Structure formats: structure tokens, C-alpha cells
Amino acid sequence: MDFSVTDSSSYTKRTVQEDARTKLAKLPITYYPHRNMAEPAPLVRVLIILMTCFLLFHRSSPAAIAPIAPAGILCIPRERDALRDFKAGLNDSGNILSSWRGADCCRWKGVGCSNRTGHVAALRINSLDGNSYPLGTIGGEIRSSLLSLRHLKQLDLSYNDFSGQPIPEFIGALQSLTHLDLSYSNFGGRIPPHIGNLSNLLSLHLNSYPYNPPEIQVVPHSHDLAWVSGLRKLQVLSMSGVDLSAAVDWFQAVNMLPGLIHLDLSKCGLQNTITSPLHSNLTSLESLDLHYNPFNTSLVAKKLVWLWDLPSLQVLSLGVCGIHGPIPDVVGNLTSLQNLELGFNHLTGVVPLTFKKLKKLQWLELSDNFINMDITKLLHLLPSNELQMLDLSHNSLTGSLPDWIGRFSSLNLLYLGYNKLAGEIPVGIRELRNLTVLSLSSNSLHGTVTEDHFTNLTTLQCLWISHNSLTVKVSSTWYAPFRLISAGFSSCILGPQFPAWLIQPTMEALDISNTSIHDNIPAEFWTGSSLWFLHMSRNRLVGMLPTLGDLELVALDISSNELTGPIPTLPKTLSYMDLSKNNLSGPLPSDTEGLMLKALFLFNNSLSGTIPCSLLQLQQLNFLDLSNNLLNGTFPKCPRGYRTSSITTLNLNSNNLSGAFPMFLQRCRDLTFLDLAYNSFSGSLPAWIGSKLSELALLRLRSNMFSGGIPGQLSWMKGL
């Protein structure tokens, strides 16, 4: 069937596992600009002539007379009326359906009509912006007027917000449907088994967000999947995030779909309840995603024997499934496999020799397991010409990286961090010319890294080698052949000079903490910076900080250095800042309006003056440590401020603050840590401490000038 859709908006990007769905979901749709309304299409002209002749022969019969659509209009009036009624039931706060006006419904956004018959054949209504970001601005009622669209083949209502209402049962009566997508639209309740009546369905997408708070998101559920077995033509079934914890028949149901190509039941709470038959009928299955289900079993268990009888399988995802024990030899039977994900389980032992049979493997994810073998032996088992992503991080791999690692010419992403690798980083790593991510952090690597290691790595974007015994030695005038987005060198040696080659405008996250730098921070480092995360603690950085207000930093840690001068103007985007253990002086920042700070650590400096109300009244501030400074004066009452404060930790130890116990603290209902020791506070302790600060777990008041008794209410505080 040929039909056109006048919807030029882009659709959401799918994951690698959903590529099969995207290919299958495409009907022969032709997107076209508005036709010239003055010149009807030839087919339309023929239809007008035939209709005119028909009316001439039947003009005596009133029942035979029907309105004729104006020239050039495909839309069938009764279907246009059905669409208008459907729209009337929706809430469209984003005006996404603003084009639904005029006589030709085939030109409305998201509506696709057959060029041959004019019937509405596709309906795509998504709350997506131009960047395929879900806005959820469409909701309301899905009206049964959709049933008037008897030729509807494709219905896509994904990425909307229907506020937890159940999927309407009448959708199961849209018998012509071949593609149905209701994903991520906040449907709740039981999935109607009536969907099983859609015998022509080729693809079914009912994905849901499974982890959002209840007030934001509800999760649809199904007690069983027996209804799925009636969808004999189904090629794509995607129900990620749907609660299927009670569906003990899930395998038996999908096993009756021999044409199934893509199956996604990830994050469904599936149990290890597979019973006979154990033989698989899924001979066409190419993609199987079961990750994040509590199977808690071994890959060699009899209940999973069907996994190894899938001759067409290209993608297998069983990450975060509580799988334990060794990787079985039978994995090698899946010779079509391109993508294997077994990360975040409890796999032990070694990768079996049968991996050599996986000649097409492009993506291997075995991170966060207990695999214990020599890295060189493991690499020998993998296809050097095909592999694009290798994640073996967070295991117990030993040995040294071989110099011939450069044979993996297609490798894009390499994660080997958090293992027990030793030796030097081989210069041969420079032959990985397609590499964009290299992560070797937290191993026992040693030696020197020079320009030679990076010669051909022109596509490198992320470089993480932190927590090794490495020295990075490059020329002060060396120009890196790559543009980094993120990098980490913590506990390596980069200094004593500041590494000028890391001054890159593309850099967004950088960790050069404890890298033996004894230098100023160059002014050009801050100019045009894209950084949102910066960690430079435990060096010997000197000089003053420039104004930071124009940056978009979210996290900044330059603690334990030798910085001097005042605290500069801060970025409005800043959430975490640690400038402790420096030689900073001057007042605390008072121009803090609009700051998003949640944690501020300024202890062990020489800051002076009083504590400004504007700092205390930051609504998101949880942690404030101003201890070991030269602050003086009384603690402000801030009478014009908010009635409540979010502060949970407040440390004012070792200053010269005076006056009564701070009245402001009555607003800090969630305060758990309060240290006022080594100041000059005076007067009696208020009784309200016991009632207003009921969450207190630590209270330090020593070395002050308080007088009188300790209020009895303090003895009633259970957490103190």
C-alpha cells in the first residue's frame, strides 16, 4: 500500500537493540511537500470523473448522493470527522496538533493517507520536540472514534502522557493494524489482552519507564502473556519496563511466534519460571534483550538451554540478571552473534575457548563480573577485524596489554579499567585509529606515556588512565592530534608544569587531581571553556582564581592547593564546590542569588567577615562547611528569608563567631550534623533544639561561652 505522511518532524533515536524495530516499522511511506492545489493529481481527476458519471445515473436516488471532495483533497469526510473527534478528546498543551485544520486531513501533521484510496493508513502523534526529546504535552482521552479508521495500519501514540489511564480495550478492534506503538506514554493498569486480536500485527511496542517515582510514572502490567500467542505474524515485540513479574508463561507465549525477529522484555521483573517445552521455535530471532530481570541463575541451567538454540541471533543482552557461575562453552554455538552483553552479573572463571567461533562479534560487554584470566589470552579469542566495543572493566583480569593490540583496527570503545593489569601501556595502542574512548583507570600500570602513544589517535574523545603509576611526558609545545571531551589522570604524574595540551575548548570533564602540578592555572584554560566537571585537588596550584561567572561548571574541586586571593564570582550552574585547604582570603561570597549550590566546602582557609544571609538562604544548599577560617560577628537571623532551609550539614568549627545560639537553625528541620565548637557563642541553649532539630545525629558545642543547663529535651532525641 502506498501512502504519504505530511509529518516532517524527526522521531526519537533508538538504541542499537532497537535497530531491527526501526527497519521493520517502516511502511512504504513517502514524505512529500504540499502539492500544488491548483492541479489535481491524475488519479484524483479520474476518480472525480467516475464519481460524476455515477451520480448522473443515480440522481433519482437520494441515498446514492454523497458530497464530493474538492479537487486535490484526498481526505475522506467520515475519517476527517473521526480525527477531529479524536483530537477533541486530547489535551494538547504544546499545540502539536495545530495543523489539524482545513478540509484535507491528509495534510495534517502525523496523518498518513493512501495515495490510491485516500483512507487514513497511519497516525503518528508524539510529544517530541525537534531534537526527539519527549515533552509529554499530549494527554487526555483516547476516544473510540479511532474505530472509524478501518484502514489504519500504523498507530503510534508514543512519548505522550496519559496520566496512568489504562490502554483502551477497543484498540484490539483495529483489525487492519500492522504496527502499534504506545511506548513511554504513561499508561497504567493492565494491558488489555484484546490486543491479542490484532492478527495482522507485525510490530508491537508497549515500553514503559519502570523506575520513576510513583507520582510521576505508573507502570502497566500483565498477569500473563497468553494473549501474545495469537499474534502469529508478529516480528517485533518490545515491552521493556512493563511489569511481567506474575507472567510465569512468558517464554511459552513468545515461543509460539516463529516469525519473531526482535524481542525486548528488559526490566520486566521476569522470574526464572521457564517450564517445558525447553526447545525454542524462535529460529528467526535476531535480537533478544532480557537485561535487568532477576533470573538469579546460571547460564548452564536447564531452564536456559533454549538460549543456545537460536541460530539467527545477532544481539543478546542479559546484563544485570543475577547470573552466576562460568560462561558456558555453548555460547560459541551462536555463530551469528554480533552483540553480547553480560555485564553486572556474577560470572566467574575464564572466557571459554569457543568464543573463537564468534567471528562476527562487534560488541562485547562483560563488565562488573568476576572474570579472572590473562588479558592477552582473552584478546586472542576475539575477532580483531570486527570488534568495535570491548568492555571488560571491573573484573579481575591480569597480565599486560600486548603490543599487538593495534590489530583491533575497528575498535571504537575500549574499557579495561578497574582490573589487575600490570606492565606498561604499549606504544602499539596508537594503531587503534578508530578509537574514541580509552579507559584504563585503576589498574597497576606503570611506565611513561609519550606523544608516540597518541600519534594516530585522531578520533580520541575520552581518555581515562587515573590511579595508575604512570608518568605522562610530552613536549610543552606538543599539539594533541585529538579533541577530548573528557579525561582523567588522577594520581599520575603530569607536572610540575601545567599540561598545556589539555587546554582544549571541547573538554567537558577533566580530572587532574594529585598529578604533581606546581604552577599557575593559565588564563587561557578558562577562556571559552566548556567544562562542567573539573577536579584539580591535591596539587600545588598557585595564584588567584579568575571570575568564573561566565562558565557552566556544575562541579568544581580545587581543594588542597596553594591558591590565594578572594573567592571569585561563581557560575549560576554550580552545584558542588570545594575550595578547602587553600590560602583564600576576604569575605564569603554574597552575590549568590540564583545559585544552584548543593554543597559548599571552604574550610581551612583565611576567609573573614560575617556570614551573609544570601548564602544561608540558597534553597538547594545541603552541605556547608566553613570551619577553620577567620569568620566573626553574630550568626544572622535572616528575617526576610525562606521559612525553611535545606541544610543538613553545617560546620562552623574554629572561627570567631559570637552571640546567642543561632535562631536561624529553627528553619533547618533536616539538620543532622551541627558543629559550633571553638567559637565565642554565649547564652543558654534553647529548648527548641529538641523539637525543631529532631533529625540531629551529631551536635558539637565545646569551647564556647554557653551558660546554664542542658535542656532536658535533648535527652529525648533518639538519633543524637
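Overview of the structure. For every chain, the first residue of its written sequence is number 1, and the numbers climb from 1 along that sequence. In view of the model being predicted, local features appear only for residues whose pLDDT reaches at least 70, and side-chain atom pairs are presented and counted only at 80 or more, with totals across whole chains, interfaces and linings using the full set of residues. To get the side-chain values, all heavy atoms of the structure are used, and hydrogens and water are removed first.

1. Describing the overall build of the chain
Condition: We count a stretch as a helix when DSSP gives it H or I for four or more residues in a row; a strand needs E for two or more, and each element gets its number in order from the N terminus. By definition, residues are in contact when any of their heavy atoms lie within 4.5 Å. Note on areas: Shrake-Rupley, 1.4 Å probe, and residue coverage restricted to the protein chains presented here.
In terms of helices and strands, the chain carries eight helices and 43 strands. Counting contacts in the chain only where the partners sit at least 6 residues apart, residues at least 24 apart contribute 57% of the total. When the accessible area of the chain is evaluated, it comes to approximately 31,000 Å², of which 54% is carbon and sulfur surface.

2. Quick notes on the sheet that holds strand β39 (residues 656-659)
Selection criterion: Each pair of strands is called paired provided DSSP finds at least two bridges between the two strands.
Ordered in space as β29-β31-β33-β35-β37-β39-β41-β43, the eight strands form an open sheet in which the pairing is parallel. What marks the edges here is a single partner per strand, and that holds for β29 (542-544) and β43 (705-706). The pairing of strand β31 (residues 562-565) with strand β33 (residues 583-586) spans two bridges and is classified as parallel. Bridge pairing links Thr-564 to Asn-583 in β33.

3. Comments concerning the packing of aromatic side chains
Worth spelling out the cut-off: Between 30 and 60 degrees the pair is tilted, below 30 it is stacked and above 60 it is edge-to-face, where a pair is any two Phe, Tyr or Trp rings, Trp via its six-membered ring, whose centres lie within 6.5 Å. Note on classification: 1.4 Å probe, protein chains only; a residue is buried when its accessible area is under 20% of the maximum for its type, exposed when over 50%, partly exposed between these limits.
Going through the model one piece at a time under the given rule, you end up with 24 aromatic pairs. Between the aromatic rings of Phe-454 and Phe-482, the centroid separation amounts to 5.6 Å while the plane-to-plane angle is 75 degrees, which identifies the pairing as edge-to-face. Of this pair, Phe-454 sits in the loop between β23 (444-449) and β24 (462-464) while Phe-482 sits in the loop between β25 (469-472) and β26 (486-488); the two residues are 28 residues apart in sequence, bridging distant segments of the chain. For Phe-482, a relative accessible area of 1% translates into the label buried. Here the aromatic rings of Phe-661 and Trp-688 are separated by 5.6 Å at their centres, their planes lie at 65 degrees, and the arrangement is edge-to-face. Of this pair, Phe-661 sits in the loop between β39 and β40 (673-675) while Trp-688 sits in the loop between β41 (680-683) and α8 (689-692), and the two are 27 residues apart along the sequence. Ring pairs connect the aromatic residues Phe-454, Trp-478, Phe-482, Phe-489 and Trp-501, which therefore count as one cluster.

4. Thoughts on the pairing of strand β35 (residues 606-609)
Regular strands show a simple pattern: their side chains alternate between the two faces of the sheet. When β33 meets β35, the two strands line up parallel, connected through two bridges. Bridged to Gly-586 within β35 is Leu-607. For β35 and strand β37 (residues 630-634), the ladder comprises two bridges, and the chain directions are parallel. Each bridged residue has a counterpart across the sheet, and for Ser-608 the counterpart in β37 is Leu-630.

5. Considerations on the state of the cysteines
As used here, a disulfide is simply a covalent bond connecting the sulfur atoms of two cysteines. What counts here: Throughout, a disulfide means two cysteine sulfur atoms within 2.5 Å of one another.
Enumeration over the complete set of coordinates arrives at three disulfides. In this model, Cys-106 is linked to Cys-113 through a disulfide, with the two sulfur atoms separated by 2.1 Å. The disulfide joining Cys-106 to Cys-113 has a torsion of about -95 degrees about its S-S bond and is therefore left-handed. When sorted by exposure, Cys-106 lands in the same class as Cys-113, which is buried. Cysteine pairing for the chain (bonded cysteines numbered in sequence order): 1-2, 3-4, 5-6.

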